[in-house]
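A closer look at the structure
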Amino acid sequence: MNNKNQIEIIGNNHFSSNIKTPLREDAFVKTDEEKIENISYHFKKIMEEIGLDLMDDSLSGTPYRVAKMYVKELFYGLNPANKPKISTFDNKYAYKKMLVEQNITIDSACEHHFLPIIGYANVAYIPKSKVIGLSKINRLVDYYARRPQVQERLVLQILNDLQEILDTEDVIVSVTAKHLCVSSRGIKDQNSYTTTLEYGGKFANSETRNEFLKIITQQKL
C-alpha cells in the first residue's frame, strides 16, 4: 500500500491514536501576529495555485481573514494560555444528584480535512465536595472544540479535565455532530450524524447512565 492510499484511509476513517492533541514543542514560540502573517502568505499561495485572482476586491483580503480566523477563532483552543479559568465552589447544599448541562454548541474542525464539525455536547456530573459554574462547562467544551479535532478525542479531553477539576470520576460526556468531511466530500452523506460517549465512576452503572440518556433525549426548550 502506497503512502497516499494510507493517508486517504486514515482520513476517511477519522482515525487517531492520540488522546492529547498532537502539538510541536515550539508550537507557541511565535506570537499570534507572526502566525497570522505567515498563514496569510501561505494561504495566498494556495489561492493563487488553484487559479484565483487576488487582485479582485473580494478576494484580496481573504488570506488575512482566513489566517486571523484560524489563529484567533477556529483554533484558539490549541493554546493553553486561552484555556478558561475554571473556578469551583464548595457543595454547600450537599447536592448529590445528577447535574446536566445540555445542548452545548460544538463548532470544531476535522483534523484530517480541516472541514467543520458542528453539533452539540451534553455533560453531566454527580457532585461530591465541589460544584462548577454552569457557564464554565460551556466554555471548557468550546475550548477543546476549537482546535483540529477527532470526535473520540474531544469527549475524552472534556471528560478527563472535568474529572480532575471536580475531583470525581462521576462524569459523563456525549457529543453528537455532523462532519462536513462526510457530507461535502467522500461519500457525501448529507443526513448522518456521529455520536460519541465517554463516562466514568457511577455512570458505568447502566441505570445511572440511562437516566442521563433519558434526560438528554427529552424535548429541548
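Below or above, wherever it landed, is the structure these notes cover.

Notes on the pairing of strand S6 (residues 171-179)
Counted residue by residue, S6 has nine buried out of nine residues, so it is predominantly covered. Neither face of S6 is left uncovered, since the one carrying Val-171, Val-173, Val-175, Ala-177 and His-179 and the one carrying Ile-172, Ser-174, Thr-176 and Lys-178 both have all their residues buried. When strand S3 (residues 116-125) meets S6, the two strands line up antiparallel, connected through nine bridges. Of the residues in S6, the one forming a bridge with Ile-118 is Lys-178. Two elements, S6 and strand S7 (residues 194-199), share six bridges in a ladder whose sense is antiparallel. The residue bridging Val-175 from the neighbouring strand is Thr-196, located in S7.

Some thoughts on the sheet that holds strand S2 (residues 99-110)
In spatial order, the strands read S5-S2-S3-S6-S7; together these five strands make up an open sheet with mixed pairing. Edge positions in the sheet fall to strand S5 (148-149) and S7, since each of these pairs with one other strand and no more. Bridge analysis of S2 against S3 gives nine bridges, and the strand direction is antiparallel. If you follow Asp-107 over to S3, its bridge partner there is Ile-118. Along the sheet face, helix H4 (residues 134-145) touches S2, S3 and S5 and points at about 20° away from the line of S2.

So, how was this worked out
- Residues numbered from 1 in each chain as written.
- Predicted model: local features only at pLDDT ≥ 70, side-chain atom pairs only at ≥ 80, totals over all residues.
- Heavy atoms only, no water.
- Buried < 20%, exposed > 50% of the residue type's maximum accessible area, 1.4 Å probe, protein only.
- Helix = DSSP H or I, 4+ residues; strand = E, 2+ residues; numbered from the N terminus.
- Pairing = 2+ DSSP bridges.
- Contact = heavy atoms within 4.5 Å.
- Axes fitted to C-alpha atoms, helices over the stretch in contact; angles between N-to-C directions.

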